[in-house]
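# Structural features, examined
Spelled out from the first residue to the last, the chains are:
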Amino acid sequence: MDYQRILAEINSEISPSQFNGKVAAYIPELANVPADQFGMHICCLQGGNYAIGAQTTPFSIQSISKVFSLTLALLYEGTALWERVDVEPSGDPFNSLVQLEYENGIPRNPLINAGALVISDILVSHLKDPKKDYLAFIRKIAGNPDIDFNLKVAASEKKWGYRNSALINLMKSFGNIKNDIEEVLDFYFHKCSIEMSCQALAQTFLLYANRGCLLDSHEKILSPTQTKRINAIMQTCGFYDEAGEFSFRVGLPGKSGVGGGIAAIHPGKYSVVVWSPKLNPKGNSSMGMAALELLTTKSGLSIF
Ligand code: GLN
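This brings us to the environment of Phe19. Among the structural elements, Phe19 can be located in the loop between α1 (3–13) and β1 (39–44). Separated by 30 residues in the primary sequence, Phe19 and Asn49 place their C-alpha atoms 27 Å from one another. Excluding anything up to four places from it in sequence, Phe19 contacts Ile14, Lys278, Ser286, Met287 and Ala290.

So this is what it looks like as structure tokens:
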């Protein structure tokens, strides 16, 4: 498959200025990011990297971080995790409160904010120094010691984090948050603030395309079953109330973030990351979705 040719075609057929959408202004620090940017990077399991545009520019990975925190929580907590967070698509926005009350403080899945806050609580219980240990884990699976938090973004989100505060307080009232709320929120905001480029993220997501093994060292991080579970949750829940649309148009498991990034994988074949900051009303990158739709259409390959 000539991925470089496909990327060049995508780059010539669509451009950021054609897309409507806004950068995520509810986190003021993210609103400073120039909107008309685009990068894309594909890492193939059989070797080969293909890229176009601003693929080495670091951006705020935001909710894409929820995949990594789910991974680490699964390693510590095992299947007991599923008693505190469900695996159903929510059909609601990422920061919605409504289902939580009906469902007794058990979030629909680990990839919406409520679910990721429970996962953060679990990690705060297990990790000695949560921020440091989490960063060490990401650096390890990324094979990249330079990955770091953006402290300005973390502070900006903390200052305006009223919805996340509401979510965590509601869950605490149901007994589904064990640690101090401020500590869990601080950890959650730092996780979301991690910056990575398309290139670095695609390299990291190879883990999920490779049945849970690191490509270079062959170290097994997740079992094939755990990898299957995470990929299934990305497929059904990775795009909030647009998960159906993403499956319909792209046909790969993936995860978006309000920094404008989308990471996706084709199990056994490749990982791909696209970044373009303008978001559609559901909080997913408008151009990112279009670019990935073109990739799976032009290559004729998706998991379906
Ligand atoms: N940090 C963001 C929040 O908590 C993450 C949301 C997202 O990327 N969808 O609202």
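Right, let's get into the nonpolar core. Residues Phe68, Ile194, Met196, Leu201, Phe205 and Tyr208 are the most contacted members of the largest nonpolar core, which totals 66 residues. In terms of residue count, helix α9 (residues 198–209) provides more of this core than any other element does, 9 residues in total. Residues contacting Tyr208, with those up to four places away along its chain left out, are Val67, Phe68, Thr71, Ile141, Leu222, Thr227, Ile230, Asn231, Met234 and Ile265. Judged by nonpolar contacts, the second largest core, of 28 residues, contains Phe38, Met40, Val272 and Met289.

Read from one edge to the other, the open sheet built from 5 strands follows the order β2-β1-β7-β6-β5, with strand pairing classed as antiparallel. In the strand order of this sheet, the two ends are held by β2 (49–53) and β5 (254–256), each with one partner. The mean inter-strand angle of the sheet, taken between neighbouring strand axes irrespective of direction, is 5°. Pairing of strand β6 (residues 261–266) with strand β7 (residues 270–275), which is carried by 6 bridges, proceeds in the antiparallel orientation. Looking across to β7, one finds that Ile262 is bridged to Val274.

Within this structure, the stated rule accounts for 13 salt bridges. The partner of Asp148 in a salt bridge is Arg139, with the nearest N and O atoms 3.8 Å apart. Residue Asp148 is classed as partly exposed on the basis of its relative accessible area of 38%. With relative accessibility at 27%, the residue Arg139 sits in the partly exposed group. Among the charged side chains, a salt-bridge network with shared partners connects Asp2, Arg5, Glu9, Glu13 and Lys298.

Our focus in this paragraph is the side chain of Thr296. Position of Thr296 among the secondary structure elements: in helix α12 (residues 286–299). We classify Thr296 as buried; its relative accessible area is 7%. Within the structure, the side chain of Thr296 is placed 3.0 Å from the backbone oxygen of Val250, a separation counted as a polar contact. Excluding residues that lie within four positions of it along the chain, Thr296 makes contacts with Arg249, Val250, Leu252, Tyr270, Leu301 and Ser302.

Close to the ligand lie 13 residues, the nearest being Tyr26, Gln62, Ser63, Glu157 and Tyr188. Separating an oxygen atom of the ligand from a side-chain N or O atom of Tyr26 is a distance of 2.5 Å. Note that an oxygen atom of the ligand is positioned 2.9 Å from one of the side-chain N or O atoms of Asn164. Notes on the ligand: free accessible area 300 Å², of which the protein chains cover 99%. Its residues assigned to classes, the shell around the ligand shows 6 nonpolar, 5 polar and 2 charged.

Cut-offs applied
Counting restarts for each chain, with residues numbered from 1 along the sequence as it is written. Selection of residues for local features in this predicted model requires a pLDDT of at least 70, selection of side-chain atom pairs for listing and counting requires 80 or more, and totals for whole chains, interfaces and linings are taken over all residues. Only hydrogens and water are removed before side-chain values are computed, so all heavy atoms of the structure are retained for them. Per the convention used, a helix needs a DSSP run of H or I reaching at least four residues, while a strand needs a run of E reaching at least two, with both numbered from the N terminus. Note on contacts: a residue pair is in contact if any heavy atoms of the two residues lie within 4.5 Å. Residue types Ala, Val, Leu, Ile, Met, Phe, Trp, Tyr and Cys, when buried and joined through side-chain atoms within 4.5 Å, form a set referred to as a nonpolar core. Residue exposure (1.4 Å probe, protein chains only): buried if accessible area is under 20% of the type maximum, exposed if over 50%, otherwise partly exposed. Criterion used throughout: strands pair if DSSP finds at least two bridges between them. Lines fitted to C-alpha atoms define the axes, with helix axes restricted to the stretch in contact, and inter-axis angles between N-to-C directions lie between 0 and 180 degrees. In the sections that follow, a salt bridge refers to a side-chain nitrogen of Lys or Arg positioned within 4 Å of a carboxyl oxygen of Asp or Glu. Throughout this description, a polar contact denotes any pair of N or O atoms lying within 3.5 Å of each other; where both atoms belong to protein, one of them has to be capable of donating a hydrogen while the other can accept it, and for residues adjacent in sequence the pair is counted only when both atoms sit in side chains. Note on definitions. A residue lies near a molecule or strand when any single heavy atom of the residue is within 4 Å of it. Note on areas: these come from Shrake-Rupley sampling with a 1.4 Å probe, and a residue is covered only by the protein chains present in the view. Residues are grouped as follows: nonpolar covers Ala, Val, Leu, Ile, Met, Phe, Trp, Tyr, Cys and Pro; charged covers Asp, Glu, Lys and Arg; every other residue, Gly included, is treated as polar.

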